[in-house]
Amino acid sequence: MTATIVLVRHGETTWNRDGRVQGWADSTLTDAGREQARAVGTRLAEEYDLDRLVVSDLKRTRETADVIDAAGVEPDPSLDRAWRERSFGSLQGLTRTDIASRHAEYHPGRSLHTVQTVEGGESLPAFETRVLDGWSDLLASVSADETAVVVTHGGPIRVVLADVTDRDLATVASSFAPSNCGLTEVEVANRGCTVIARDDTDHHSL
């Protein structure tokens, strides 16, 4: 008997479009982001028998969940702070070029999730611990044959993939950036977790 957990990154936001670091700051979905959410919502409603919808409590994930719900996903959303993006403190609102100009140790092509500490934000270990606590709670509560969807952010998806594939977060973050409304499916069985699909975006062409 197996359970299924589907991780979905939020739709494109105005700050995604402008290349600005978001963290815990609020920015709204663009028209393209709402269309991405509609497409993934339609796919979820058509291809999965959904039992649970868990949503990060930040604005962009709540907006994405609202569009997914309107596309036919039935479970009512349950908000969970554990699935927030990492808080990037003083870096929030800046572009990666801005950050590189102020911090010589940072290369704009690198993921910020390889940086250990940020002023006024979460350390990398604190961020990982928060997300993994949320992941452990979900694994402990999901029942056999249940299908749960988590609407979250790129950072938490990387944390989960690093945990499931037994790699460190910096390695995963340096090689993988989840797409807006990309779909990552994890099968949960007695022998552990298996990644079935990683960042599937086939629905974007619908």
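A quick note: this is a predicted structure, and the numbers were derived from the prediction, not measured. (Residues numbered from 1 in each chain as written. Predicted model: local features only at pLDDT ≥ 70, side-chain atom pairs only at ≥ 80, totals over all residues. Heavy atoms only, no water.)

Undergrad: How do you make sense of the nonpolar core when you look at a structure like this?
TA: Nonpolar side chains in soluble globular proteins tend to end up buried together. In this structure, Ile-5, Leu-7, Trp-83, Trp-135 and Val-150 are the most contacted members of the largest nonpolar core, which totals 24 residues. Counting residues per element, the ones that place at least two in this core are β1 (3-9), α5 (124-141), α6 (154-164), α7 (169-175) and β5 (183-189). With six residues, the single largest contributor to this core is α6. Residues in contact with Ile-5, not counting those within four places in the same chain, are Trp-135, Leu-138, Leu-139, Ala-148, Val-150, Thr-184, Glu-185, Val-186 and Val-188. Counting 16 residues, the second largest nonpolar core, distinct from the first, contains Val-6, Leu-53, Val-55 and Ala-65. (Core = buried A, V, L, I, M, F, W, Y, C linked by side-chain atoms within 4.5 Å. Buried < 20%, exposed > 50% of the residue type's maximum accessible area, 1.4 Å probe, protein only. Helix = DSSP H or I, 4+ residues; strand = E, 2+ residues; numbered from the N terminus. Contact = heavy atoms within 4.5 Å.)

Undergrad: I keep staring at a negative patch on the surface and nothing clicks. Help me out?
TA: A cluster of acidic side chains, namely Asp-49, Asp-51, Glu-74 and Asp-145, defines a negative patch on the protein surface. Position of Asp-51 relative to the elements: it lies in the loop between α2 (31-47) and β2 (52-55). By relative accessible area, which is 41% here, Asp-51 ends up partly exposed. (Patch = residues over 30% accessible without salt bridge, like charges linked within 9 Å, V, L, I, M, F, W, Y side chains within 5 Å. Areas by Shrake-Rupley, 256 points an atom, 1.4 Å probe, with all protein chains shown as cover. Salt bridge = Lys/Arg side-chain N within 4 Å of Asp/Glu carboxyl O. Lys, Arg positive; Asp, Glu negative; His and termini not counted. Charge placed at Lys NZ, Arg CZ, Asp CG, Glu CD.)

Undergrad: What exactly am I supposed to notice about helix α3 (residues 59-70) here?
TA: Because each turn of an α-helix spans 3.6 residues, side chains separated by three or four positions in sequence point in the same direction. Its 12 residues give α3 an end-to-end C-alpha distance of 17 Å, which sits within 8% of 16 Å, the value for a rise of 1.5 Å per residue. Buried-residue contacts for α3 involve α2, β2 and β4 (147-152). Following α3 by one or two positions, Gly-72 adopts a phi angle in the positive range, close to 120 degrees. (Expected span 1.5 Å × (residues − 1).)

Undergrad: I would appreciate a short explanation of unusual backbone geometry in the present structure.
TA: The phi torsion of most residues other than glycine is negative, and most of the peptide bonds are trans. The backbone of Asp-145 sits at a positive phi, close to 70 degrees, despite the residue not being glycine. Mapped onto the secondary structure, Asp-145 falls in the loop between α5 and β4. Despite not being glycine, Asp-166 shows a phi value in the positive range, around 60 degrees. On the secondary structure map, Asp-166 appears in the loop between α6 and α7.

Undergrad: Would you mind showing me how to read the packing of α2 against α3 here?
TA: Working note: a packed helix pair is described by the angle between its axes plus the distance between those axes. Interaxial distance between α2 and α3 falls to 8 Å at its minimum, and their mutual angle equals 50 degrees. The angle between the axes of α2 and α3 places the two elements in the oblique class. At the point where α2 passes α3, the crossing takes the right-handed sense. Contacts between α2 and α3 involve Arg-34, Ala-37, Arg-38, Val-40, Gly-41 and Leu-44 from the first element and Thr-64, Val-67 and Ile-68 from the second. (Axes fitted to C-alpha atoms, helices over the stretch in contact; angles between N-to-C directions. Parallel < 35°, antiparallel > 145°, perpendicular 65-115°, else oblique. Left-handed = near helix turned anticlockwise from the far one by under 90°.)

Undergrad: Help me out: how do you make sense of the pairing of β4 in this one?
TA: One face of the sheet, then the other: side chains in a regular strand alternate in exactly this way. Taken across its six residues, β4 has six buried, putting it largely inside the fold. In β4, alternate side chains face the same way, and those of Thr-147, Val-149 and Val-151 on one face and Ala-148, Val-150 and Thr-152 on the other are all buried. For β1 and β4, the ladder comprises six bridges, and the chain directions are parallel. Pairing of Leu-7 across the sheet is with Val-150, part of β4. With four bridges connecting them, β2 and β4 associate as parallel partners. The partner of Leu-53 across the bridge, within β4, is Val-149. (Pairing = 2+ DSSP bridges.)

Undergrad: Just to check I follow, could you spell out the layout of surface pockets for this structure?
TA: The probe, sized like a water molecule, is rolled over the atoms to show the empty space still left. Of the pockets and cavities examined, the largest pocket occupies roughly 470 Å³. For the largest pocket, the lining is made up of 28 residues, of which Arg-9, Asn-16, Glu-85, Arg-96 and Arg-158 are closest to its centre. Elements supplying a minimum of two residues to the lining of the largest pocket: α1 (14-18), α6 and α7. Residue composition of the lining of the largest pocket, by class: eight nonpolar, 13 polar and seven charged. (1 Å grid on protein atoms, 1.4 Å probe; cavity = no way out; pocket = protein on both sides within 12 Å on 5 of 7 lines; lining within 4 Å. Points joined across faces, edges and corners; volume = space filled by probe spheres on them. Nonpolar A, V, L, I, M, F, W, Y, C, P; charged D, E, K, R; others polar.)

Undergrad: So what exactly am I meant to see when it comes to the environment of Ser-205 here?
TA: By secondary structure assignment, the location of Ser-205 is in the segment after β6 (192-200). Overall, Ser-205 belongs to the exposed group, its relative accessible area being 67%. Taking the C-alpha atoms as reference points, Ser-205 and Gln-36, separated by 169 residues in sequence, lie 9.6 Å from one another.

So far we have only geometry, and geometry alone does not tell us how the molecule works.
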